[in-house]
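Results of the structural survey
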Amino acid sequence: MPEKLYEGKAKILYTTDEPEVLLSVFKDDATAFNAKKRGQIVGKGEVNCTITAALLQYLETHNIPTHYLSTVDPTSMRVRSVTIIPLEVVVRNVVAGSLARETGLPVGQPIPEPLVEFYYKNDDLGDPLLTGDRLRLLELATPEQVTALQQYALSINQHLMTFFDRCDIVLVDFKLEFGVDAHGHIRLADEISPDTCRLWDKAEPDPQKRILDKDRFRHDLGQVEGAYQTMRSRVLQAVTSLSEA
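Residues numbered from 1 in each chain as written. Predicted model: local features only at pLDDT ≥ 70, side-chain atom pairs only at ≥ 80, totals over all residues. Heavy atoms only, no water.

**Brief notes about the overall build of the chain**
- The helix and strand inventory of the chain stands at six helices and 14 strands.
- Its C-alpha radius of gyration of 17 Å places the chain within 12% of the 18 Å reference for a compact globule of 245 residues.
- Across its three principal directions, the C-alpha atoms of the chain cover 50 × 45 × 40 Å.
- Counting every position in the chain, which comprises 245 residues, the buried fraction comes to 49%.
- For the chain, contacts bridging at least 24 residues in sequence account for 58% of all contacts bridging at least 6. (Helix = DSSP H or I, 4+ residues; strand = E, 2+ residues; numbered from the N terminus. Rg over C-alpha atoms; globule rule 2.2 N^0.38 Å. Buried < 20%, exposed > 50% of the residue type's maximum accessible area, 1.4 Å probe, protein only. Contact = heavy atoms within 4.5 Å.)

Okay, structure coming up:
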């Protein structure tokens, strides 16, 4: 009988009858600002599960190892069990969010080379940005793992930018999480979705209307469900076009 192993802000993990396989169930619950803001986005679980499955499978074809195994139903998937490395790896292509607030750079300014940042995955501490020295001090990952995470992040960014270009979407920035499987291999884990990415419609000049991600929920911009459904539709269209190419 499956048992609940863990419940986070956006997903629930259950055991399965296979020791190294878990069931990941995506929820409609939405949080922002370290869970200080809470709500629901109708259909979010299905949208994020669909998009995550599509993107993880796409990355697997480009030699990025992930925890994804198969989709079970619209809101759940089978994944390899991994021990999560307690680092959030953020890749930035365009200035937005905390980068704009903390540097004074204008929102929307392109970044000449992708910026990779490491944050301590710790809600109690507010997920702080870590310097290289702090990474070494905290020993959250080995130096070899940190190098591998940075290399994976840059490679994933390149492939995702190509994919989202097919969707007429600007990949502004995104958060990744990685884990170590039972055999000691690093795998991309968690999800890639409008919850974890900033995604802007290329054809929309209005700074607010172009937003197709969780920033619509964060900043009370309205039409949140519509933005998520738009992203689901565009991702599936891109998947279809790739399969027919």
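Next comes the rest of the account.
**Brief notes about the state of the cysteines**
- Applying the stated criterion to the full structure yields zero disulfides.
- In this structure Cys167 is not part of a disulfide, and its nearest cysteine sulfur, from Cys197, lies 11 Å away.
- Residue Cys167 is classed as buried on the basis of its relative accessible area, which comes to 3%. (Disulfide = S-S within 2.5 Å.)

**Let's talk about the packing of aromatic side chains**
- Applying the stated criterion across every chain yields a total of three aromatic pairs.
- Between Tyr58 and Phe163 the ring centres are 4.9 Å apart and the planes differ by 55 degrees, which places this aromatic pair in the tilted class. Remark: Phe163 occurs in helix α4 (residues 143-166) and Tyr58 occurs in helix α1 (residues 44-60); sequence separation between them is 105 residues.
- You can call Tyr58 buried: its relative accessible area is 12%.
- On the basis of relative accessible area, Phe163 is assigned to the buried category, the value being 1%.
- Put simply, the rings of Tyr58, Phe163 and Phe164 touch in pairs and so form one group of aromatic residues.
- Directly above the aromatic system of Phe26 lies the positively charged group of Lys11, at a separation of 5.5 Å from the ring centroid.
- A cation over a ring is seen here: Lys37 above Phe217, with NZ or CZ 4.8 Å from the ring centre. (Phe/Tyr/Trp six-rings, centres within 6.5 Å; stacked < 30°, edge-to-face > 60°. Lys NZ or Arg CZ within 6 Å of the ring centre and 35° of its normal.)

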